[in-house]
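# Structure assessment
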Amino acid sequence: MKLKKHVGILYILPWLIGIIAFTAFPFIASFVLSFTDYNLISSPSFVGLSNYRTMMDTPLFWKSLRTTFIYVFVTVPLKLSFALFIAYILNFKLKGVNFFRTAYYLPSILGGSVAIAVLWRFLFADTGLINMIIGNFGVDPISWLGNPRYAIFTISLLRVWQFGSPMVIFLAALKNIPESLYEAARIDGASKTHIFFKITLPLITPIVFFNFIMQLVQAFQEFNGPYIITGGGPLNSTYLFPLYIYDNSFKYFRMGYGSALSWFLFAIIMVFTLITFKSEKYWVHYDGGDE
Amino acid sequence: MKKMAKVVAVLLTLVMLLTACAGNKPATNADGEEQVTLRFSWWGGDARHEATLEAIALFEEKYPNIKIEAEYGGWQGHQEKVTTQMVGNTAPDVLQVNWNWLYIFSKDGNGFYDLSTLADINLDNYESAILDQTTINGKVNGLPVGIGGKVFYWNGSTYEKAGVEIPQTFDDLFAAAEVFQATLGNDYYPIDLDQYGAFLMLLYYLEQQTGKPFIVDNKVAYTEAQLVEALEYYNSMVEAGVTPSMESRGAAGNVPVDQTPSWIQGRYGGTYEWDSAIDKFQAALEGDQKIVTGDFLTGIGSHPSALAKVSMAYSINKNTKHPEAAAKFLNFLVSDKEASEILGTTRGIPANLAAKDTLQDLGLLSGLGYEGNVKVIDNLGVGISPYFEDAELQAFYRQVIEEYGYGQINAQQAAEKIITTVNRLVAELAK
Amino acid sequence: MKTEIKQKKSNVDLSNLPENDLILRKRRIRRNKINAALRYTILAIVGLFMLYPLVWLIGASFKTNAEIFTSIGFLPSSFDFSGYVRGWNTSTQYTFTTYFANTFKIVIPKVILTVISTTLTAYGFARFKIPGKKYLFSILIATLLLPNVVLRIPQYLMFREFGWLNSYKPLVVPAAFAVDAFFVFMMIQFMRGLPKDLEEAAVIDGCNSFQVLVYILIPMLKPAMISVALFQFMWTMNDFLGPLIYLSSVEKYPVSIALKMSMDASALVNWNQIIAMSVIALIPSLVVFFLAQKHFVDGITTTGMKG
């Protein structure tokens, strides 16, 4: 098995080279920049922790952070639940399942295109489709995009609507479960719920784990939604942290501060990721197949 | 093990091949002695792209030894692109820049090529006041492309429907609001002001009253009391139904006014908009509604207070390898008769007097944009600070008026905020 | 498969069982039918939410600007195809033919390189003892956590040093080195979920690690690899900022940039053109997804557990 150890390094060699060649420099550079005042035109000047101190004193920083947390903890559970639920249903041999699968994946393909901005406004504007529908039920039009308390949920809904990607990944995981297991369980008379919770779910926990972490990371880094649909408003109620970072780095030419903000976000996401990793041994089963 | 070695060998070869292919790709350069290639970048929409490409083709005909490589696209992302290029010293030879970028990329005046040192560029075609706006520390950093101003434009059809004359004074606006509500409905407004428009209205009010512009000597020139007065005046406009509240506007989403049903269907009776952009507002209107160019509203004071600024400029990369060729091209673009005809008003009314004359002679100077432009120049206020358009300041203007409009802060707090924040940001910019 | 089994059972049972069991059998069949109906209903309703916005977009590609922003229905008042024609020809020196070709020049190599490099790397992490593996894995995850914005300028400067500007290299070459930690992590998770028995058997039979990978693991990893290819395809098609910064020649632009060519505040934007082209830009991803379906349908039933 000693041979195996060295062979392993060979397999990850491309990745290692990639890290050194493409990732290390930008990472380190941005970290160093976070301790500087850098307006991109003149050389950076060292300012120590001043950027980090400025953050704490800026109300917009806190507001953006709070908004981001709300967004993440609403969007991620909803999105994952939908993805798993629909993947589960699509896993059955139903007629026309191909069509449904494609239909559910379509929104994700649209991604962050300009068409989405037009579309979402069409849905949620005061004269939009949603208000028209609820109007039929006698409800007054709601200002989804204009009310600071609701706007963030339109962004959340956009991403939940695009649950296609985690759904596809769940599907791939469900496909990996051998039919023989299901057969055996059914012969034993197990109910569907029993099968799902005692067989299916445990076997796909590595993928649930993956999807959870990835959705969490992506939600914390959500930029496109607010950028193209609400511009951060109204009243900064959809000013997610990545948008704050972007504005500071590229629009206001405060690259030093922007870098500091990024590393702050990095730390936050890291904390949540670590917590999730630490919990891994309690609920994630590997080497699936042995019951 | 042998197979493993094979795989590694293949991978390493791949890596070597790919990096070797990098080779030397120098910035596009001459492949002969006489032949010169210039890179020229701009942003815009369809009309501007087509016109500019045509003008470039014409230039290449007249100067066969100079080839122009066009780099262009939409507005989104363009600032980032130019920024990365400036930082990485890979910017094109000639570039179209936003006016406020000049002060970011060239704080001391050395960020771009000093155009006054290039013989082929005729600076006589520019009024000195305009040229000053693109001159930093005595060095001409860019050629003003056009002067744009904010103009009062009215939906003539809506006013006709209400039976109201086009407003000349602020009092007219208030009177119009009453009639609009009575005859057309509560969702009709004499004028629409978005966040930026509302903030500018404060400045319009105060400059007309005091004769002072917003920023003087890098500080806000108005007192807190004056700002409170202006804010409360704006609020009275909202309450009287002259202009929609921030909240009701917000319901349509973060969308330019010309894309809202309220504008398209004529419920907004007017707007305070750039002369160069008004054509798209006209085109957006449903049916055969017509926009009318309005005079500048009076009634607050005696000082002219129209807002105008250089819209964009053409600059030459200070590290260009072919400054003379670039100068020839630039001069052609801004003053050549045929080029001016081709380019028309795709970049607004030209600031270059030769171009303007050409268009005038051809009768191309007409329409809402031109009418507005004339009025702006007639009513010019004192002029704005170069930092006025800074992105962070702009975000702040929108934010503070939005907070005030939504009732999150009162006039006093808003006025305080304006003074402290603007002073602070301008001080940082001017450092 | 399920329905087959059910039918087989009823064929066997019906001839032998007493009456009670027959009733139970009939009840079970009816319950299954209700379940199926329920499933279809859910799928249909959710499907409606998924599809309506897209149907609206297609309708919008035929509408005038005013119609797009004011009317609710998705049927246009008239089917104006000019959006597609003018949109395809663009106001630039090139048509979308060029832009689509460019997109594929970027996407296809990138996808292929990604799948290969990711699988190799994940294999290394998932199945071998590597010195410092824990730290390397943490680095892998860490690369996911930093927002891209701040890396952009340093990366640009780096690629400038390599001499790769105005080429597709900065967009494609990194894929050969598994820089997308998302995919590496995903493949690692999939691999760790697979039983090691077959691999161990193969090693005992004398296979080396590479053969194990190719002949044993990859067949089992097909859905995962297809997912990687699918996502990378889709995301690369939508990638805007990358190409924008690294490409300066318009003739090298991919579709993602061409779509925003006409959008400027100063000018009149013909939304039907932009939407029409956006709809067309969806098609490659849709086609790829459709083709990939086969591999999701087959699934992994040949794990050798049955044999």
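Everything below is about the structure shown above.
The structure presented is a predicted model; accordingly, all values stated were derived computationally and were not measured. (Residues numbered from 1 in each chain as written. Chains lettered and ligands numbered in written order. Predicted model: local features only at pLDDT ≥ 70, side-chain atom pairs only at ≥ 80, totals over all residues. Heavy atoms only, no water.)

### Let's talk about the overall build of chain C
Looking only at helices and strands, one finds 14 helices and zero strands in chain C. Mapped from its N terminus to its C terminus, chain C presents α and β elements in the order α-α-α-α-α-α-α-α-α-α-α-α-α-α. Within the span of chain C, comprising 307 residues, buried residues form 56% of the whole. Accessible surface for chain C amounts to roughly 13600 Å². Of this, 64% is attributable to carbon and sulfur atoms. (Helix = DSSP H or I, 4+ residues; strand = E, 2+ residues; numbered from the N terminus. Buried < 20%, exposed > 50% of the residue type's maximum accessible area, 1.4 Å probe, protein only. Areas by Shrake-Rupley, 256 points an atom, 1.4 Å probe, with all protein chains shown as cover.)

### Examining the overall build of chain A
Within chain A one finds 13 helices and two strands. Taken along the three principal axes of its C-alpha coordinates, chain A extends 70 × 70 × 30 Å. Across the 291 residues in chain A, those meeting the buried criterion constitute 59%. Contacts in chain A between residues at least 24 apart in sequence constitute 69% of all its contacts with a sequence separation of at least 6. Here chain A has roughly 11600 Å² of accessible surface; of this, 68% comes from carbon and sulfur atoms. Distance from the positive charge centre (21 side chains) to the negative charge centre (13 side chains) of chain A: 3 Å. (Contact = heavy atoms within 4.5 Å. Lys, Arg positive; Asp, Glu negative; His and termini not counted. Charge placed at Lys NZ, Arg CZ, Asp CG, Glu CD.)

### Remarks on the pattern of salt bridges
Residue and element names in this part refer to chain B. Summed over all chains, the structure comprises 19 salt bridges over all chains. One salt bridge connects Arg39 with Glu71, and the closest N-O pair in it is separated by 2.6 Å. Pair noted here: Arg39 is in strand E1 (residues 36-43) and Glu71 is in strand E2 (residues 66-73), with a separation of 32 residues, a long-range link. Neither Arg39 nor Glu71 differs from the other in exposure class; each is buried. Between Lys375 and Asp295 there is a salt bridge; the shortest N-O distance is 3.0 Å. (Salt bridge = Lys/Arg side-chain N within 4 Å of Asp/Glu carboxyl O.)

### Considerations on the interface of chain B and chain A
Tallying the contact residues gives 32 residues for chain B and 30 residues for chain A. Linking chain B with chain A are two salt bridges. Salt-bridge contacts for Arg254 of chain A lead to Glu392 of chain B; the nearest nitrogen and oxygen are separated by 3.0 Å. At the junction of chain B with chain A, the criterion picks out ten residue pairs in polar contact (both at pLDDT 80 or more). Within the residue set of the side of chain B that touches chain A, elements represented by two or more residues are helix H1 (2-22), helix H3 (78-87), helix H4 (101-105), helix H10 (246-250), helix H17 (391-405) and helix H18 (411-430) of chain B. No other element matches H17 of chain B, which puts six residues into the side of chain B that touches chain A. For the side of chain B that touches chain A, a count of residues per class yields 15 nonpolar, ten polar and seven charged. (Polar contact = N/O pair within 3.5 Å; in protein donor to acceptor, adjacent residues only side chain to side chain. Nonpolar A, V, L, I, M, F, W, Y, C, P; charged D, E, K, R; others polar.)

### What to know about a nonpolar patch on the surface
A contiguous nonpolar surface patch, about 510 Å² in accessible area, is contributed by Val55, Phe74, Leu75, Phe79 and Phe81 of chain C. Looking at the element boundaries, Leu75 of chain C is found in the loop between helix H3 (65-70) and helix H4 (82-89). (Patch = residues over 30% accessible without salt bridge, like charges linked within 9 Å, V, L, I, M, F, W, Y side chains within 5 Å.)

### Structural notes on the pairing of strand E10 (residues 270-274) of chain B
Residues and elements named next belong to chain B. Of all five residues that make up E10, five are buried, and the element is covered over most of its length. Judged from the five bridges that link them, strand E7 (residues 147-155) and E10 form a sheet pairing that is antiparallel. The residue of E10 that forms the bridge with Trp154 is Gly270. (Pairing = 2+ DSSP bridges.)

### Some thoughts on the nonpolar core
Among soluble globular proteins, nonpolar side chains are generally buried collectively. Grouped together as the largest cluster of nonpolar side chains are 345 residues, with contacts concentrated most on Tyr104 of chain A together with Phe214 and Val422 of chain B. Three or more residues apiece are contributed to this core by two domains, here domain 1 (36-147 + 310-376) and domain 2 (149-307 + 381-430) of chain B. Discounting chain neighbours no more than four positions away, the residues touching Val422 of chain B are Phe214, Ile215, Val220, Leu393, Phe396, Tyr397 and Lys417 of chain B. (Core = buried A, V, L, I, M, F, W, Y, C linked by side-chain atoms within 4.5 Å. Domains from an automatic or database assignment.)

### A word on the environment of Tyr94 of chain C
Residue and element names in this part refer to chain C. Within the fold, Tyr94 resides in the loop between H4 and helix H5 (96-127). Separated by 157 residues in sequence, Tyr94 and Glu251 have C-alpha atoms that sit 6.9 Å apart. Apart from the residues within four sequence positions on either side, Tyr94 is in contact with Asn89, Tyr99, Val250 and Glu251.

### So, the packing of aromatic side chains
According to the stated counting rule, one finds 106 aromatic pairs over all chains in the structure shown. Sitting over the ring of Trp274 of chain B, Lys309 of chain B keeps its end group 5.1 Å from the ring centre. Note that Arg192 of chain C overlies the ring of Tyr286 of chain A, its terminal NZ or CZ placed 3.9 Å from the centroid. (Phe/Tyr/Trp six-rings, centres within 6.5 Å; stacked < 30°, edge-to-face > 60°. Lys NZ or Arg CZ within 6 Å of the ring centre and 35° of its normal.)

### Thoughts on the pairing of E7 of chain B
Residue and element names in this part refer to chain B. Across the nine residues that make up E7, a large majority, nine, are buried. The two faces of E7 match: Ile147, Gly149, Val151, Tyr153 and Asn155 on one face and Gly148, Lys150, Phe152 and Trp154 on the other face are all buried. Across three bridges, the pairing between E7 and strand E12 (residues 308-310) is antiparallel. When the bridges of E12 are listed, Ile147 appears paired with Val310. By the bridge criterion, three bridges tie E7 to strand E11 (residues 291-293) in an arrangement that is antiparallel. Looking at the pairing, Trp154 lines up with Val292 of E11.

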